[in-house]
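# Observations on chain architecture
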Amino acid sequence: MKKLVKAFAFLLTAVLLTGLFPAVSKAEAEKLTGKTAMEITQMMDKGWNLGNTFDATGGKKDDPYSQETSWGNPQVTKELIDGVKAAGFTTIRIPVTWNNYIDKSNGYHIDEAFLNRVNEIVDYALENEMFVILNAHHEEWVNDKNIHENYEEIGKELNAVWSQLADHFAEYDQHLIFEGMNEPRAVGMGYEWNGNQACYDAVNYLDQVFVDCIRSNGKGYNSERALMIPGYAASMNAAVLKSIQIPQYNGKDAENLIISVHCYSPYNFCLTDDQESFSPENTQDTSGITSLINNLKSLFINNGIPVVIGECGATNTNDNDDARKLWFIFMGDITRENGIPAVLWDNGAKGNSGGECHNYFMRETGEPAYPELLSAFIYGDLEAKKPKDMLIDFEPYEEGGTTVLATPEQYGFTPKTLMKKAKINHTEGVAVGFSVVIPKAGNDSYATMDLSKFVGKTVNVGLYLRSESQGSVTLGILEKEKQELATAQIDAEWTQVTFSYQFSEDDCERALFFQGDGADDFYVDDISITMVDEKDRYETQVLKGGETGETIEEPAADESVEDDSNTDQGDVNNAAQPPNPSSETNNGAFKTIIVLCVIIVFVGIIAYIVKKKAGKN
């Protein structure tokens, strides 16, 4: 009986301990591994730099906390990193200057206390399931004015530093990315920012040293860790980008590499006070960015090599927030559309003049300093992307200079054809905004109107058609494939056509299409698109509820929550999920087992006592 009691007591203890020490969390149990660098960059999305902190240069060797505050920023707290995550960022770049804590007389040994302090911040970010870029930043031993001559000596220290970091972080999975250097260049020389071929070759040599160091480490996840390599000065200059040589390993191009580049364009707007305005319609403002994106695609992305824009931003010049918002929308959209993570530079400088005012979070609290700018950068222009009911009444067009209040181009009308050219014309001399000219080419020619904003929406479509000759026009929705929904017989009188459609949530083209049959030249006017039983599901704040303590209006029972980030990543949407029924069942079963064990042990003890007393008697 004693053995039985002990067995039940052991069972009860095990069950109770199971409750006290639950299974390993998902973040701990599911390591990110086996991903290519391209796959990783598609998960990184928008990032934020912890600038002018661990990359400051005023630290004292005997005080591992002094460097992060030496340029005026407070010590980093978990609340700050949590705030960055809550704002919608999924990546954090931690620039670090190791120089003050490297013992050059002792094999370039890194001070353990300082390394552990950096490690603490890395952990804050990884606990939030963010990607972390760790680098070597304002290193005076890298940014040697004679980098083109001293690259071999620089390479020895670079190898020693990264060997230690590779050892220290070996068991950190692919959420942690190493960036070998920040902006390696010949500091103080007349060609500091543009370089020359000898400088380009020196940086390529150092990139190779860095890759060899990490890949040959052989520990933990270092064999598959994503590695970021810059060109000279991480410049967006086309000559620098073309000069980048992909490091080799085991006789072939090293795998899981990411090109690192910085973008402060236009320069006078982003880094000086010389330009306060920015317009996405002005090619002088946007050409630098668009040229960079085109070069990155042709040189790297199209060849399977991903890119991260490790730094970008626009300085505060006399509180020009409206202009900066336009820049952030443009920069955020173009990088998102081309699959390039962009990492916002934040140095904590709160002023509004001087060209280096890149402060976006209150470092003491983690609260956004400019929530609208952050929203614009991460999500784009939510108001412009928000689907709205439309009534389009096209104004007559005349060559003589009549103002056209609405044109087909403004609403995404596009001729589609596989044979002859369909046309969309402004119409002269008639009371209608435009005509559609579709040659007789069977199903090969049609015109479309972009409806991409109506993802997941149910809409009623109405419009008027007419033609100088009798014929028919088929209308429908282009979503993955053409779906014909209405056919109208038309003549010189206006004919109304209506139909309804439920758009899917899938990632695909969405358009209203027109296809003529006999009526090869027809007129269109008074297009109306209204949403059916839809309420506004766009949040007034882009910050996710539950992370900020704010209440978000719940969607109707038959609606799905829409992802404001306009991204394909399902795990970015942090909207509250309903309880898992199986989880509730498991909890109930667990409680039942505990109760039964307690009862069994109690009954066993009573039986033992009764038996013992009976023996005595």
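Residues numbered from 1 in each chain as written. Predicted model: local features only at pLDDT ≥ 70, side-chain atom pairs only at ≥ 80, totals over all residues. Heavy atoms only, no water.

### Looking at the overall build of the protein chain
Within the protein chain one finds 14 helices and 23 strands. Evaluated residue by residue, the protein chain yields a buried proportion of 49% over its 617 residues. In the protein chain, 75% of the contacts between residues at least 6 apart in sequence involve partners at least 24 apart. Counting only carbon and sulfur atoms, one obtains 50% of the accessible surface of the protein chain, whose full area is about 29,200 Å². (Helix = DSSP H or I, 4+ residues; strand = E, 2+ residues; numbered from the N terminus. Buried < 20%, exposed > 50% of the residue type's maximum accessible area, 1.4 Å probe, protein only. Contact = heavy atoms within 4.5 Å. Areas by Shrake-Rupley, 256 points an atom, 1.4 Å probe, with all protein chains shown as cover.)

### Description of the nonpolar core
Of all hydrophobic cores here, the largest spans 103 residues; its most connected members are Phe89 and Trp98. With 10 residues, the single largest contributor to this core is helix 7 (residues 197-215). Contact partners of Phe89, with chain neighbours within four places excluded, come to Lys46, Gly47, Trp48, Val84, Met130, Leu344, Phe361, Leu374, Phe377 and Ile378. (Core = buried A, V, L, I, M, F, W, Y, C linked by side-chain atoms within 4.5 Å.)

### A short note on helix 11 (residues 321-337)
If you check helix 11, its first and last C-alpha atoms are 24 Å apart, about what 17 residues at 1.5 Å a residue would give, namely 24 Å. Taking burial as the measure, the 17 residues of helix 11 include 12 buried ones, the bulk of the element. Those residues of helix 11 lying buried are Ala323, Arg324, Trp327, Phe328, Ile329, Phe330, Met331, Gly332, Asp333, Ile334, Thr335 and Arg336. Looking one or two residues past helix 11, Gly339 carries a phi angle of roughly 65°, positive in sign. (Expected span 1.5 Å × (residues − 1).)

### As for the side chain of Asn338
Mapped onto the secondary structure, Asn338 falls in the loop between helix 11 and strand 12 (342-344). Polar side-chain contacts of Asn338 include one of 3.2 Å to the side chain of Lys297. Those residues in contact with Asn338, other than ones at most four positions away along the chain, are Ile293, Lys297 and Ile301. (Polar contact = N/O pair within 3.5 Å; in protein donor to acceptor, adjacent residues only side chain to side chain.)

### Details of the packing of aromatic side chains
Going through the model one piece at a time under the given rule, you end up with 20 aromatic pairs. Pairing Trp48 with Phe361 gives two aromatic rings, centres 5.6 Å apart and planes at 80°, and the pair type is edge-to-face. Placement of Trp48 in strand 1 (residues 46-49) and of Phe361 in the loop between strand 12 and helix 12 (371-379) is noted, with a sequence separation of 313 residues between them. This pair shows no difference in class: Trp48 is buried, exactly as Phe361 is. A ring pair is formed by Phe514 and Phe522, whose centres lie 6.5 Å apart and whose planes are at 40°; its orientation type is tilted. Take Phe514 and Phe522: they sit in the same class, and that class is buried. Cluster of aromatic residues (ring-pair linked, three or more members): Trp48, Phe89, Trp327, Phe328, Tyr360, Phe361, Tyr370 and Phe377. Its guanidinium or amino end placed over the ring of Phe377, Lys46 lies 5.7 Å from that ring's centre, counting from NZ or CZ. Just above the ring of Trp494 sits the side chain of Arg466; from NZ or CZ to the centre is 5.3 Å. (Phe/Tyr/Trp six-rings, centres within 6.5 Å; stacked < 30°, edge-to-face > 60°. Lys NZ or Arg CZ within 6 Å of the ring centre and 35° of its normal.)

### Some points on the confidence of the model for the protein chain
Taken as a whole, the protein chain shows an average pLDDT of 81; of its residues, 73% reach a score of 70 or greater. Low confidence marks residues 1-29, where pLDDT is under 50. Its contacts with residues over four positions away, or in another chain, come to 21 contacts. Counted against residues more than four places away or in other chains, residues 426-430, with its pLDDT under 50, gives 18 contacts. (pLDDT = per-residue confidence, 0-100.)

### Considerations on the pattern of salt bridges
Pairing of side chains with opposite charge becomes possible as their charged atoms draw close. For the coordinates displayed, the defined rule picks out 19 salt bridges. One salt bridge in this structure joins Lys78 and Asp82, with 3.1 Å as the shortest N-O distance. In this pair, Lys78 and Asp82 both sit in helix 4 (residues 78-86), 4 residues apart, roughly one turn of the helix. Asp82 gets classed as partly exposed once you look at its relative accessible area, which sits at 26%. Through salt bridges that share partners, Glu68, Arg117 and Glu120 make up one connected network. (Salt bridge = Lys/Arg side-chain N within 4 Å of Asp/Glu carboxyl O.)

### Some thoughts on the sheet that holds strand 7 (residues 227-230)
Spatially, 8 strands are ordered 1-2-5-6-7-10-11-12 in a closed barrel, and the strand pairing comes out parallel. This sheet shows a mean twist of 30° between the axes of neighbouring strands, independent of strand direction. Bridge analysis of strand 10 (residues 257-263) against strand 11 (residues 307-312) gives 5 bridges, and the strand direction is parallel. Following the sheet pairing, Cys263 is matched in strand 11 by Cys312. Set on the sheet, helix 7 makes contact with strand 6 (176-179), strand 7 and strand 10; between it and strand 7 the angle comes to about 170°. (Pairing = 2+ DSSP bridges. Axes fitted to C-alpha atoms, helices over the stretch in contact; angles between N-to-C directions.)

### Let's talk about the packing of helix 6 (residues 147-168) against helix 7
Between helix 6 and helix 7, whose axes approach to 9 Å, the crossing angle comes to 20°. When the axis of helix 6 is compared with that of helix 7, the two are roughly parallel. As for the relative orientation of helix 6 and helix 7, their crossing is right-handed in sense. Between helix 6 and helix 7, the residues in contact are Ile147, His148, Tyr151, Glu152, Ile154, Gly155, Leu158, Asn159, Trp162, Ser163 and Ala166 and Ala198, Cys199, Ala202, Val203, Tyr205, Leu206, Val209, Phe210, Cys213 and Ile214, respectively. Looking at the contact of helix 6 with helix 7 residue by residue, the class counts come to 16 nonpolar, 4 polar and 1 charged. (Parallel < 35°, antiparallel > 145°, perpendicular 65-115°, else oblique. Left-handed = near helix turned anticlockwise from the far one by under 90°. Nonpolar A, V, L, I, M, F, W, Y, C, P; charged D, E, K, R; others polar.)

### Some remarks on the pairing of strand 1
In strand 1, alternate side chains face the same way, and those of Lys46 and Trp48 on one face and Gly47 and Asn49 on the other are all buried. Two elements, strand 1 and strand 2 (residues 91-94), share 3 bridges in a ladder whose sense is parallel. Along strand 2, the bridge assignment pairs Gly47 with Thr91. In the classification by handedness, the crossover that spans strand 1, the intervening helix 4 and the parallel strand 2 is right-handed. (Right-handed = clockwise from strand over helix to strand, strands pointing away.)

### A closer look at the environment of Asn460
Here Asn460 shows up in strand 18 (residues 458-467). Separated by 41 residues in sequence, Asn460 and Tyr501 have C-alpha atoms that sit 6.7 Å apart. Not counting the four nearest positions on each side in its chain, Asn460 is found in contact with Phe499, Ser500, Ser528, Ile529, Thr530 and Val532. There is a polar contact of 2.4 Å between the side chain of Asn460 and the side chain of Ser500.

### Some thoughts on the environment of Gln42
Structurally, the position occupied by Gln42 is in helix 3 (residues 37-44). The class for Gln42 is partly exposed, based on a relative accessible area of 40%. The spacing of Gln42 and Pro341 is 299 residues in sequence and 7.5 Å in space, taken between C-alpha atoms. Of note is the side chain of Gln42, whose polar atom sits 3.2 Å from the backbone oxygen of Gly339.

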